[in-house]
Structures are given as structure tokens and as C-alpha cells.
Amino acid sequence: MNEQPEVIARSAEELLGGLNEQQAEAVRYDGPALLIAAGAGSGKTRVLTRRIAWLLSQVGAWPSQILAITFTNKAAAEMKERLTTLIGPVAQRMWVSTFHSACVRILRRDGEKIGLRSGFSIYDTADSQRLVKIICTELNIDVKRYTPRSILAHISDYKNGLIDWRTRLKEHAPQFKPGQRGSKIGGFGDVEELYACVYAEYQYRLATANAVDFDDLIMRTVELLRADPMTAEYYRRKFRYILVDEYQDTNHAQYVLVRELGGVDSGGAREPGARGAGRTGPAWITVVGDSDQSIYAFRGADIRNIQEFEKDFPDARTILLEQNYRSTQTILSAANAVIALNPGRKPKRLWTALGDGSKIIGYAADNAQQEGAWIAGEIARLTAEEGFRYSDIALMYRANAQSRSLEEALINARIPYQLVGGTKFYERKEVKDAMAYLQAIANPSDDVNLRRILNVPKRGLGARAEAVLTAFAAEHRTSVWEALESLESMPDVPTRTAKLLTQFRDLMRALQTFAAGNDGSPSEIVAEVLEKSGLVAELRKSTDPQDMTRVDNLSQLQSTAAEYEQNTPDPTLNGFLETTALVADSDQLPDGDEDTGKVTLMTLHTAKGLEYPVVFLTGMEQGTFPHSRAMENESELEEERRLAYVGITRARQVLYVTRAAVRAQWGQAAEMLPSQFLDDIPENLIEWKRRETGVDSLRGGWRDDGDDEFGGFEGGYSSSSSSYGSRSRWGSASRRASSDRSSYGSYGSSSSRGGYGGGSYGSGHGSRGGSSRGGYSSGSSYGSSYGGSSSGRSGRVTTRRMKKDLLDSLTKAKSAAAAKAAESSRPSQLDVADFHEGDRVSHDQYGLGKVIAVEDKGRNSVITVDFGSDGVKRLLLRVAPIEKL
DNA sequence: GCGCGCGGCCTTTTT
DNA sequence: GGCCGCGCGC
């Protein structure tokens, strides 16, 4: 193999070939700061790779001077691959990586200047949470009130904002001394003090464990560059061209990192007459992004980074890419319409030369199961009749929990699928346990991981034994492992515990020795750990069928290690640990055009950057998408809208939007109203295969205004302005749906009872704000009291457990409940035969109206009445408070 | 110290 | 519906 591979020389024509004017301009732009505002599907990766090739072959940059940063490992791998095609194997020598792995690389090399010893551990979120929890317990913090999760979120915010723990401590808890047991304080004056103390203690523990968390990777790299001018200088001389993809997703720390690495503020001057960025002065910075696709504000991404790029970087230039090469105009028009509602954005309109294509297809299902079943049917049709392959199709949803009903439907229909994301391989308990052994072997100071495995598998070392160790460690300000090493000098250790601890110590020593002797073969270390620790043995002897899978997972872990070993020039245990920490699940990521023979399921977040000929956007309901927690807050709603924009623009040819009128959430049925994003898509772009559900037609009357009993039985689809009636109406109703998800009474039935059908359902009417108890009282009856009757508003039945088959028939049950309730509260005296088109009626609430349609359906007859300014309503005759005039 | 059963809480989204 | 933590009994 060639030691010094050359860059394949590419002519300017080659590099600009096939590009549109704006793309070409971006590729050859000559200057210190460039923002490529690239709309979805506008060919930004192409532009980015061509630009890199341009810098190399036309500007004279060296591969080693390039730092290309992406957000995901997949994007990095893809870019590397494309670059290899474009400029040859030399691409492998460039830094093309995520922020996190670039930082690891820097910290591995120079971290000791800020106190990081080589071989430091990288804590994932679970590790971090464990640590916070340990700290909370020791500091006497009520973890019910302040969950480790939420505390960690605050710590993460600080880090993303580069706020040092010392600063926090100085401001909010100057008396607190991290790392001293005596510093435990019972009551905290305020939450800021609490966060400051935990933050400080957390960093102290990370330091003693020689560990960093995800956010530290960025923040501590910035710290390093600021603390050590020599190091900063080294990287500034090295990286002359920095390119950042998905710039809209960068947080403050990442933004500062780019500035520091690029030497933007260091004041050095570019050598006169130099080509490109030259060898001194600020690096050339190119950022690519789309502010409309900023969907990570929740974890600290700061959209202002991209919005204010021109102000931030001197002599910055912006180039807009608006031509889309991916989707039909119909899809783009929908996307444009949705995103246009976000205020304060810079106008950008995607367009395409590909033509209109087919309409967006809409479907409203009664429940999630039916939604899944219909989608499965469509997939069967698409593949059988329209020539699509399974791998052309993707199902997307807002939250992972939604995948379940879709999966079940696909299984029933025997459609092969692959799930991307969700519970990750490395997050599975058994895998995490095995990894904890490896961590503890590689880095014995790692208290969190050592404590995790102390009694895994069960070896009789419980809380007491752990307390003995941690007390000693705290007293001597050392790690748990060192405490274990000093076991003999520890006072008051019960003989039995001492014996067990010694055994554990011997085990770990043996594993350490083995690891030291086989550092180049992580797979053998994994095998040794699995064997000697007893992890596999414990699972093998279990009778739980799930444990079989767990054994398989562990064996897969070993294979992964072997794979790593083969693909890495210089494999080490630490290298393997790092890969697993940062390159989560790269194996299962969908890969370009490859025909996997499977339909792909994933969240909208995961889908960013991907594209499929056919996309199903599922769960288009208020509260599901937009997510209920994002609906209260305007800026979060804007982010949801961007997420919708991302989802819509994933589709190349056919886009489906589906929703369910009832969805199980947290084991309970909840009524879902159509997503506002459906309203945002121009009506003429959607062809509804089914628009209204059984629940919709009932909705108006008995949830709605609550107090008007069964009166306003609004159909909702009759208004001319919008296919769904007025927005405000849906808006307000939906708020209720999300905050009071059981307003329809859940069909209570304890699991032992026979289920629905015996009439055991309750239904609720005005349950707002009220008590949420009212549990299922006696065996056979149902609480069917509807407005006005004696038990009135409290007639709601709530039972947590609800059989799945009940759920399926929920819609049906509701009509039945309505019927029952109606009978008891307001016996019908009206006969459908008495009503004719043109008749005038009077309604208790809406006043005078004119009948415009009559549907004779026996007991369920409906009349449609125009109430003038109050709108057109569909009224269920037997319950509506109307009078014929 | 361990296992079981109950109850509370939960859900965004991910490097 | 599922996870996690707690309390209880062995």
C-alpha cells in the first residue's frame, strides 16, 4: 500500500459539474467564513464534499489541514465515503468526525494538561445519572422532588453554555466544598444552590474517577484550548479549514469550540499573499445548515448560532440553496406551507424541477391499531401494485413508544421491517453490565462502573458491603477500587463480607492481568469477562426465556469486539470502549440505497438527513405531534413545526399522513384530535382516504363545552374554511385532550374481569379539574351518569389497568356509552320522521337554525342544522336539546 | 441479602 | 403498559 497516497487531482470543471449556480458558488467560494443555508434535499452533502475537494485540489490545502465536523457518526461515515470516491484513500487521513469524537481525539492526546489521565472513561447518560443519584443520596437530597434526571439536565445546560462549576459554586454556594463528606447539607436554600452543589460534587467525582461525560467532551476541550496556549496553537496551525455540517444544531459550547479551534479571536494575521487560509491567522470556516431543520434545542442547540453567523464571523458570506432535488412539488409545497407559519425566520422557499407528483394521502383511523393495519395494507398495495420495494418505505413517528402498534400491524401482515433507534444495544442491561466490567478493568478508578458490577451477578455483596467500601473511600479520599485494595486495613468488616470482597477483588485483579496481557484483542477480553464474571452463567441457569436473548446479546457484544478488532489498525481495549461510547449502533443505521428488503421505522429526529420514496408520517395528532409538552410553549411549538418540516421533506415521491382518533398512552386510552400540522397543509394537496372517524362524529356533543350536555353534536367537517372546522376549536379541545386524557372515562375493568361487552364501562363527562379517583367501584355496573343526573360529574370511571382488547373496541364502546347515557339523562322524544330539510329548529345553546340534512339511522339518526353565525352542526337527534318549530 | 409484589411515574426527541 | 424503587417477608 502506498505510504503517501496522493489526492486525486480534480479539475475545476469536474468539481463544479452538475451543480446549479448557487451550489457552484458555494463550492468555490474564496473567503474566511461561509454559511451555506441549505434547504432540505438541496444537495448540501454534495456541496460540502465538493468544497473539500476544491480546497484540496484548487486552493492547495492538505488533507491534514481539514477538519470536517458532522453531527452524527453516520453522516461522518457517509462523508468520508464520498470523499474517498472523490479524492481517493487519502480522505481517510482527514479529520471527518462528530464533535464528540473529534474532542475525544484531542483530549486523548492533550487531556493531561487539564488533569485527564490517559485512558479516561466516557460516561453515557445512564452512568451520569447513576453518579448524580449517588451524590443526591449522600447530600440528603429528596430525589422525588429533584430527580437525578432533572438535575443532570441542569448540569448539562451549564456545560452546553460553558458555565464552570466553580462559577456556579461561587455565586450560589460558596461554603460548599466538593469531595468532603462533611459538606453534606440537609436543607438547600434554593434550587440554584442545590444545582451548584451537585454540579460541583459531580465534577469532583468525575475527576477522581478519571471520567468525563458527553457534555464534558466539548466543554473540557474548550477548557484545554483556553488553558494551554501551546495546545491551542498546535491545533490552530493544524486545522486551516474547518467545515461544520448541521450547524443549526450546534450549542454554545460547540460554537465556541469552533471559534477556538479556528483561532477566530486570537488576533493572528493571515500571511500576506497566501493562498487560501494560508498557514497563520484564522482558519477558513464553512458552515452548512438549515435553520428550519433545527430540532435539537431541547438539548442545548442554539438556533442563533446559524441565524447570527454573519454577525459572528467577520467578512462572512451566505449562500442560499433552495432548489430541491429530492421531492415532488406537492411535498415541498406542503413543507413550505407548514414552516412558513414560524415567525421570524428568514424566508426560504424550496422548489423543484421534478413536477407536482401525486397528492399527499391522508387517513384518519379510529385507533392506533387500525392506523397500523391500514398502513400495512397500503404497504402491501404499494409493493404489489406500484412497484415499490419494502426498503423504499419508511414509517416515522414522534416518539419511540408509537412504534409498537405499527410493529404489531406489520407483524400481522407479515411485512418485514427494521426498527432504528429505540432501546439501543449498548443500553441493554446485560450489555451495560458487561461493559461496566470492561470499564472497571480499563479504569479502576471508575467508581460508578465498579459499584455497578460489585454485585452483578449476585455474589452476596449488597448495600452493606458497598457502604463499607464507599465510607472508606470517602474517608481516605480515594476510589472504591483503592479501598478494595486496602481491604486488610479496613476496620469492622464482617468476616463473611471480607471473604466475598476478597473474592471479588481477586476476580478483578485476574481480569486486569488478562486484559493487560491481551490489550490488542478486546474480543478475547470480552470473552474472558463473560466467562469469569459469571454473567453468562447466571443467565444460562435462568428459566426466563428472555434470558436466552440476553445471552445472545452478550455473544453479539463479543462479535462486535471482534469486528472492531479487525477493522481497526491498532486495536486496544480503550479504543473499543471509546467506539462503543461514541458510535452507538452504527450497524443498524439505514444505509443509503441498499435494498434491505425491509420497511424502516424510526422517529422523526432519527430521520433527519435521510430520504425515502415513500414516507408515512404517523400519529398526526395534537398531543402526539406536536407533542403535548411542546404545545404550551411557543418556541417549542416552533421546534415541533420544524420537526414536521423535516418529516415532510423526507419523502421523495409519496407522502402519507395518518392519525388515530384514540391512542393508548401510558396504558390508558386517550382521545386525540387531528394535528394542527394537518390543517397547515393546504387542503388541495391532501387526498383523504378516510377523513372522519367514528369518534369525531361524536366528539362535539359530549366533550366540547361540557355544560351543554349532548347538544352540540358537531360534525366539524362542514365548515367551508377548513376541512376540520375552525382551528381555535380544535386547539382548545385538544388542550383538554392532552391534559385530561381520560376525559372519556376509561373503560375500567380489572384484568380478571371479562372485559368489555358485559357492559362494564364507565363514561365521563365533565371530569375536568376534578378528582381523578372515582375508580371502578362495584363489579358489574357502569358509571354512566351523564350531565345532570344525580351522580353527575363524578360519574367518571378510571381504572389504570385496561385490557388491550377493550382498547380496540373503544370507539364502539363510546357510542354505546353515549347511547346509554343519553337514555338515562334525556330520553328522546324526537322522531326522525318529523324532520325534513328546511325545517326550523331551536337549540338550547345555538338558538334558531335551519335543517339542511337528515340522516335516518334509527336510534343514531343525525340532522345537520345551520345555525347561522354559530355555524353548521351535526346533531344526534335523540340527545340534542332541540325543539322543532 | 434477596426476591417478590405493589404503586408511582412516566415519555419527547440523542451525540 | 412498563420501569423503577420501596417495603415486606423469608
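For chain A, the name recorded in an unreviewed UniProt entry is DNA 3'-5' helicase, with Bifidobacterium catulorum as its organism. According to its UniProt record, chain A has this under Sequence similarities (unreviewed entry): "Belongs to the helicase family. UvrD subfamily."

J.: Would you mind going over the packing of helix α5 (residues 99-110) against helix α11 (residues 229-238) with me for this structure?
T.: How two helices sit against one another is set out by the angle between their axes and by the gap between those axes. It is at 12 Å that the axes of α5 and α11 come closest, and there the two elements cross at 135°. Overall, the two elements α5 and α11 adopt an arrangement that is oblique. In this structure, the crossing between α5 and α11 has a hand that is right-handed. Contacts from I106, R109 and D110 of α5 reach α11 at T231, Y234 and Y235. For the contact of α5 with α11, the per-class residue count stands at 3 nonpolar, 1 polar and 2 charged.

J.: Mind showing me how you'd approach the pattern of salt bridges here?
T.: Once their charged atoms are close, side chains differing in charge can pair, the charge on each being opposite to the other. A full pass over the atoms with the stated rule returns 51 salt bridges. Close ionic contact of E78 with R82 constitutes a salt bridge, the shortest N to O distance being 3.2 Å. Placement of the pair is E78 and R82 together in helix α4 (residues 73-87), with a separation of 4 residues, close to one helical turn. Take E78: its relative accessible area is 29%, and that puts it in the partly exposed class. Taking the relative accessible area as the measure of exposure, R82 reaches 35% and is therefore partly exposed. Put simply, K432 and D127 hold a salt bridge, and the shortest N to O gap is 2.7 Å. Of the two residues, K432 sits in helix α18 (residues 429-442) while D127 sits in helix α6 (residues 125-138), which places them 305 residues apart along the sequence.

J.: So what exactly am I meant to see when it comes to the pairing of strand β19 (residues 840-843) here?
T.: Across a regular strand the side chains alternate sides, sitting on one face of the sheet and then on the other. Going residue by residue along β19, you find V841 and H843 tucked away on one face and R840 and S842 left uncovered on the opposite face. Direction of pairing for β19 relative to strand β23 (residues 882-884): antiparallel, over a ladder of 3 bridges. By the bridge assignment, V841 is partnered in β23 with K884.

J.: Looking at this structure, I do not really get the domain arrangement of chain A. What am I missing?
T.: A common way to state how big an interface is: give the accessible area lost once the parts meet. Splitting chain A by domain gives domain 1 (12-113 + 218-323), domain 2 (121-209), domain 3 (331-420 + 592-821), domain 4 (425-582) and domain 5 (832-884). Its C-alpha centre places domain 2 at a distance of 26 Å from the equivalent point of domain 4. Every contact between the two is made by 17 residues of domain 2 and, on the other side, 16 residues of domain 4. For the domain 2 and domain 4 pair, buried surface summed over both sides reaches about 1300 Å², with 45% attributable to carbon and sulfur atoms. Here domain 2 is connected to domain 4 by 2 salt bridges. In this structure, the connection of domain 2 to domain 4 is made through 9 residue pairs in polar contact (both at pLDDT 80 or more). Listed by contribution, the elements that provide at least two residues to the side of domain 2 that touches domain 4 are β4 (121-123), α6 and α9 (191-208).

So, how was this worked out
Residues numbered from 1 in each chain as written. Chains lettered and ligands numbered in written order. Predicted model: local features only at pLDDT ≥ 70, side-chain atom pairs only at ≥ 80, totals over all residues. Heavy atoms only, no water. UniProt positions renumbered as here; feature names shortened; annotations may be inferred. Axes fitted to C-alpha atoms, helices over the stretch in contact; angles between N-to-C directions. Helix = DSSP H or I, 4+ residues; strand = E, 2+ residues; numbered from the N terminus. Parallel < 35°, antiparallel > 145°, perpendicular 65-115°, else oblique. Left-handed = near helix turned anticlockwise from the far one by under 90°. Contact = heavy atoms within 4.5 Å. Nonpolar A, V, L, I, M, F, W, Y, C, P; charged D, E, K, R; others polar. Salt bridge = Lys/Arg side-chain N within 4 Å of Asp/Glu carboxyl O. Buried < 20%, exposed > 50% of the residue type's maximum accessible area, 1.4 Å probe, protein only. Pairing = 2+ DSSP bridges. Domains from an automatic or database assignment. Buried area = accessible area lost by both parts, 1.4 Å probe. Polar contact = N/O pair within 3.5 Å; in protein donor to acceptor, adjacent residues only side chain to side chain.

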